[in-house]
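What follows is the residue order along each chain.
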Amino acid sequence: MFNILPDEEVCANCRYYHLHYVPGEITPYAPCNCGHCTYPRFKHRYPGQPGCEHFQMKKGLTK
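All values reported here derive from a predicted model rather than from experimental measurement. (Residues numbered from 1 in each chain as written. Predicted model: local features only at pLDDT ≥ 70, side-chain atom pairs only at ≥ 80, totals over all residues. Heavy atoms only, no water.)

## What about the pairing of strand 2 (residues 29–37)?
Of the strand pairs in this sheet, strand 1 (residues 17–23) and strand 2 are connected by six bridges, and their pairing is antiparallel. Residue pairing for strand 2: Pro23 is matched across the bridge by Tyr29. Between strand 1 and strand 2, which pair antiparallel in sequence order, lie five residues. Remark: five residues form the turn of the hairpin made by strand 2 and strand 3 (residues 43–45), two consecutive strands paired antiparallel. (Pairing = 2+ DSSP bridges. Helix = DSSP H or I, 4+ residues; strand = E, 2+ residues; numbered from the N terminus.)

## Comments concerning the side chain of Lys43
Tracing the sequence through the fold places Lys43 in strand 3. Among buried charged residues, Lys43 stands out as having no salt bridge; its nearest opposite-charge side chain is Glu53, 6.5 Å away. Among the polar contacts made by the side chain of Lys43, one reaches the main-chain carbonyl oxygen of Tyr39 at a distance of 2.6 Å. For Lys43, the contacting residues outside a window of four places in its chain are Gly35, His36 and Cys37. (Buried < 20%, exposed > 50% of the residue type's maximum accessible area, 1.4 Å probe, protein only. Lys, Arg positive; Asp, Glu negative; His and termini not counted. Salt bridge = Lys/Arg side-chain N within 4 Å of Asp/Glu carboxyl O. Polar contact = N/O pair within 3.5 Å; in protein donor to acceptor, adjacent residues only side chain to side chain. Contact = heavy atoms within 4.5 Å.)

## Re empty space enclosed by the protein
Evaluated as defined, the whole model comprises one cavity of 30 Å³ or more. Of the voids in this model, the largest cavity is the one considered here, and its volume is about 60 Å³. In terms of lining, the largest cavity is formed by Cys11, Cys14, Tyr17, Cys37, Arg45, Gly51, Cys52 and Phe55. Taken together, the residues that form the lining of the largest cavity break down as six nonpolar, one polar and one charged. (1 Å grid on protein atoms, 1.4 Å probe; cavity = no way out; pocket = protein on both sides within 12 Å on 5 of 7 lines; lining within 4 Å. Points joined across faces, edges and corners; volume = space filled by probe spheres on them. Nonpolar A, V, L, I, M, F, W, Y, C, P; charged D, E, K, R; others polar.)

These figures capture arrangement, not role.
Written out as structure tokens, the structure is:
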């Protein structure tokens, strides 16, 4: 969907990133191209944005 590899240090692979969803036409909810980070405070982020100094890989992903 976003063409992001599982080992890239981008927001979509960070444990603190939460992707936003919108009502979909085909499925009940569809991911949109934005989200937020919860550490150390709420920040608006995009999935492909480079990870910050607080980046931690999600469990189950490489690295």
